[in-house]
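Structure at a glance
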Amino acid sequence: MTRTDSIARPDTSISIRGSRSTRAIITHAHGDHARWGSRRYLCSLEGERVLRTRLGPDATIESVAYGQTIDFDGVRVSLHPAGHILGSAQIRVEHHGEVWVASGDYKTDPDSTCTPFELVRCHTFITESTFGLPIYRWTDEHEVFDDLRTWWSANRDADRASILFAYALGKAQRLLAGLADAPVGPIYTHGAVERLNRDYRAAGVRLANTQYATELPKGHRYSGSLIVAPPSASGSTWLRRFGEASTGFASGWMRLRGARRRRTVDRGFVLSDHVDWPSLLSAVEGTGAECVWVTHGTREPLVRWLCERGIDARPMASHWEGEEDQEPLDIAGEVVPE
């Protein structure tokens with residue numbers, strides 16, 4: 001018996017002609033995975049709205065439901081939930097019985113803002129390894145949300161605002177979903193975050209009530225409030241309106257103290273939309289893949305671990321390195337001015 005004897009096959013199928021045209025199959029709408037320049041784009045139905053916000057109204061975007069198979073000249077392609085952000089997908093490719101899966105970015109932890117990760121059996125698995133070191137182990141997200149409320153409450157009691165930096169697509173909405181039931185005070189947002197909040201709400205995702213900060217009159221008092229902004233806003237003149245404030249940053253990189261010092265923030269909250277080390281090992285093993293290509297982030301430790309267990313693993317360089325400790329491109333490919 002091989003590791004891939006029980007590979008599942010999707011049930012539904014459609015056929016698209018003209019598959020030789022310039023086409024990009026998109027795992028999700030983050031800037032290091034969704035780029036301009038293709039004539040046509042294919043994404044998950046769940047992710048179409050945020051991808052269109054990113055690429056603009058002129059982009060030709062087709063979308064399919066998770067698990068629906070498309071035939072490209074005899075090659076069967078389907079998208080499966082990756083659990084990373086809204087609409088994130090793994091790409092399953094099958095030809096003459098050989099199955100490959102490209103994970104894109106993914107996580108296996110619960111997240112109310114997107115469809116949960118689906119384990120897909122395959123012969124070859126192309127996996128991200130953004131946090132591919134044993135030091136990266138995530139705590140339960142509810143503990144993170146409780147810590148965030150405690151920090152926010154302390155700032156409110158000290159008559160300060162709380163400014164929380166989080167990536168505008170995905171991380172910000174996950175935080176706002178986690179705060180929906182017990183906000184400490186009013187929540188205001190940067191324009192890059194608020195635009196994507198609208199897409200999430202339109203998709204049926206429940207978020208805390210928010211207000212676009214720039215709509216408020218000059219001189220508005222922000223003490224006791226939470227302001228959610230992308231990391232690109234740090235150090236900008238946009239922050240001056242909030243007066244005395246404490247700053248925090250939500251990211252998997254906050255597991256390392258040095259990352260918080262480089263960010264010059266008061267608090268770091270360890271919350272990632274990528275798999276941690278134990279979940280990465282479990283996911284790779286669960287695919288049953290005989291060959292594993294490792295890309296993004298820290299590749300060599302995972303490759304070594306897999307090879308020691310008899311799996312044909314190899315590192316694969318790419319143009320994009322996943323979630324780095326820096327601000328990715330915002331909507332329209334640039335930092336959104338305020």
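Residues numbered from 1 in each chain as written. Predicted model: local features only at pLDDT ≥ 70, side-chain atom pairs only at ≥ 80, totals over all residues. Heavy atoms only, no water.

**Regarding the overall build of the chain**
Applicable threshold: For helices the rule is a DSSP run of H or I covering at least 4 residues; for strands it is a run of E covering at least 2, with both sets numbered from the N terminus onward. The cut-offs for exposure are 20% and 50% of the maximum accessible area for each residue type, with area from a 1.4 Å probe on protein chains only; residues under the lower value are buried, those over the upper are exposed, and the others partly exposed. Whether two residues touch is decided by their heavy atoms; if any such pair falls within 4.5 Å, the residues are in contact. The method behind every accessible area is Shrake-Rupley, applied with a 1.4 Å probe, and residues are considered shielded solely by the protein chains displayed.
Within the chain, the secondary structure is distributed over seven helices and 17 strands. Buried residues in the chain amount to 54% of all 338 residues. Restricting the contact set of the chain to residue pairs at least 6 apart, pairs at least 24 apart contribute 65%. Just so you have it, the chain exposes about 14900 Å², and 49% of that area is on carbon and sulfur atoms.

**Observations concerning the packing of helix 1 (residues 48-55) against helix 4 (residues 191-202)**
Where we set the bar: Inter-axis angles, ranging from 0 to 180 degrees, are taken between N-to-C directions of lines fitted to C-alpha atoms, where helices are fitted over the stretch in contact. The cut-offs work like this: below 35 degrees is roughly parallel, past 145 is roughly antiparallel, 65 to 115 is roughly perpendicular, and the gaps in between are oblique. Crossing chirality is assigned from the near helix's rotation relative to the far helix, an anticlockwise turn below a right angle marking it left-handed and a clockwise turn marking it right-handed.
Close contact between helix 1 and helix 4 brings their axes to 9 Å; oriented N to C, the two are set at 155°. Classified by the interaxial angle, the pair formed by helix 1 and helix 4 is roughly antiparallel. When you trace helix 1 past helix 4, the crossing you get is right-handed. For the pair helix 1 and helix 4, contact is made by Arg49, Val50 and Thr53 and by Leu196, Asp199, Tyr200 and Ala202, respectively.

**Some words on empty space enclosed by the protein**
Under the convention used in this document: With a 1 Å grid spanning the protein atoms alone, the term cavity applies to any set of points in which a 1.4 Å probe fits but cannot get out, the term pocket to an open set with protein on both sides within 12 Å along at least five of seven lines, and the term lining residue to any residue with an atom within 4 Å of a point. Grid points are joined across faces, edges and corners, and a volume is the space filled by probe spheres set on the points. Each residue is assigned to one of three groups, with Ala, Val, Leu, Ile, Met, Phe, Trp, Tyr, Cys and Pro labelled nonpolar, Asp, Glu, Lys and Arg labelled charged, and all others, Gly among them, labelled polar.
Tallied over the full model, the rule gives two cavities of 30 Å³ or more. What the second largest cavity holds in volume is close to 40 Å³. Split by residue class, the lining of the second largest cavity holds five nonpolar, four polar and no charged.

**Observations concerning helix 2 (residues 141-157)**
Rules: Each residue after the first adds 1.5 Å to the expected span of a helix. In this description, one arc is meant: the one made by directions from the helix axis to the C-beta atoms.
If you check helix 2, its first and last C-alpha atoms are 24 Å apart, about what 17 residues at 1.5 Å a residue would give, namely 24 Å. Regarding helix 2, the residues found buried are Glu141, Val144, Phe145, Leu148, Arg149, Trp151, Trp152 and Asn155. Looking straight down helix 2, one finds its buried side chains confined to an arc of 165°; they lie on one side. Exposed residues pointing more than 90 degrees away from the buried face of helix 2 are listed as Thr150 and Asp157. The inward-facing, buried residues of helix 2 abut strand 10 (161-165), helix 3 (171-178), strand 11 (187-189), strand 13 (226-229), strand 14 (245-250) and strand 15 (267-269). One or two residues past the end of helix 2 sits Asp159, with phi positive at roughly 65°.

**What to know about the packing of aromatic side chains**
How we decide: Within 6.5 Å between ring centres, the rings of Phe, Tyr and Trp (the latter by its six-membered ring) count as paired, and their orientation is classed by plane angle as stacked under 30 degrees, edge-to-face over 60, tilted in between.
One pass over the structure, following the stated rule, counts 13 aromatic pairs. The interplanar angle of 75° and the centroid separation of 5.2 Å between the aromatic rings of Trp100 and Trp293 together place this pair among those described as edge-to-face. Residue Trp100 is located in strand 8 (residues 98-102), and its partner Trp293 is located in strand 16 (residues 291-295); the two are separated by 193 residues in the primary sequence. Here Trp100 falls in the partly exposed class, since its relative accessible area comes to 32%. Exposure remark for Trp293: the relative accessible area of 22% places this residue in the partly exposed category. Ring pairing ties together the aromatic residues Phe131, Tyr136, Trp138 and Trp253, which thus form one cluster.

**Thoughts on the pattern of salt bridges**
For the record, the criterion: Any Lys or Arg side-chain nitrogen located within 4 Å of an Asp or Glu carboxyl oxygen qualifies as a salt bridge.
Using the criterion set out here, one finds 17 salt bridges in the structure. Arg23 is the partner of Glu62 in a salt bridge, and the nearest nitrogen-oxygen pair spans 2.8 Å. Residue Glu62 is located in strand 4 (residues 61-64), and its partner Arg23 is located in strand 2 (residues 23-25); the two are separated by 39 residues in the primary sequence. Put simply, Arg206 and Asp181 hold a salt bridge, and the shortest N to O gap is 2.8 Å.

**Notes on the side chain of Asp105**
Basically, it comes down to this: Counting rule for charge: Lys and Arg are taken as positive, Asp and Glu as negative, and neither His nor the chain ends is counted. We call two N or O atoms a polar contact when they sit within 3.5 Å, provided that within protein one can donate a hydrogen and the other can accept it, with sequence-adjacent residues counted only if both atoms are side-chain atoms.
Looking at where Asp105 falls in the secondary structure, it is placed in the loop between strand 8 and strand 9 (124-128). Here Asp105 occupies a buried position and makes no salt bridge, while the nearest side chain of opposite charge, Lys107, is found at 10 Å. A distance of 3.4 Å separates a polar atom in the side chain of Asp105 from a polar atom in the side chain of His28. Here His33 takes part through its side chain, which lies 3.2 Å from a polar atom of the side chain of Asp105.

**Concerning helix 6 (residues 277-287)**
Of all eleven residues that make up helix 6, eight are buried, and the element is covered over most of its length. Residues of helix 6 that are buried include every one of Trp277, Ser279, Leu280, Leu281, Ala283, Val284, Gly286 and Thr287, and no others. For helix 6, the elements touching its buried residues are strand 9, strand 16 and helix 7 (300-307).

**Looking at the sheet that holds strand 4**
Selection rule: A strand pair is defined by DSSP finding two or more bridges across the two strands.
Strand order in the open sheet formed by three strands is 2-3-4, and the pairing between neighbours is parallel. Looking at strand neighbours, the two that pair on one side only are strand 2 and strand 4, the edges of this open sheet. Neighbouring strand axes in the sheet, compared pairwise and without regard to direction, differ in orientation by 20° on average. With three bridges connecting them, strand 2 and strand 3 (residues 40-44) associate as parallel partners. By the bridge assignment, Ile25 is partnered in strand 3 with Leu42. Its contacts with the sheet put helix 1 on strand 3 and strand 4, and the angle it makes with strand 4 is roughly 165°.

Any functional reading would require information that these geometric values do not contain.
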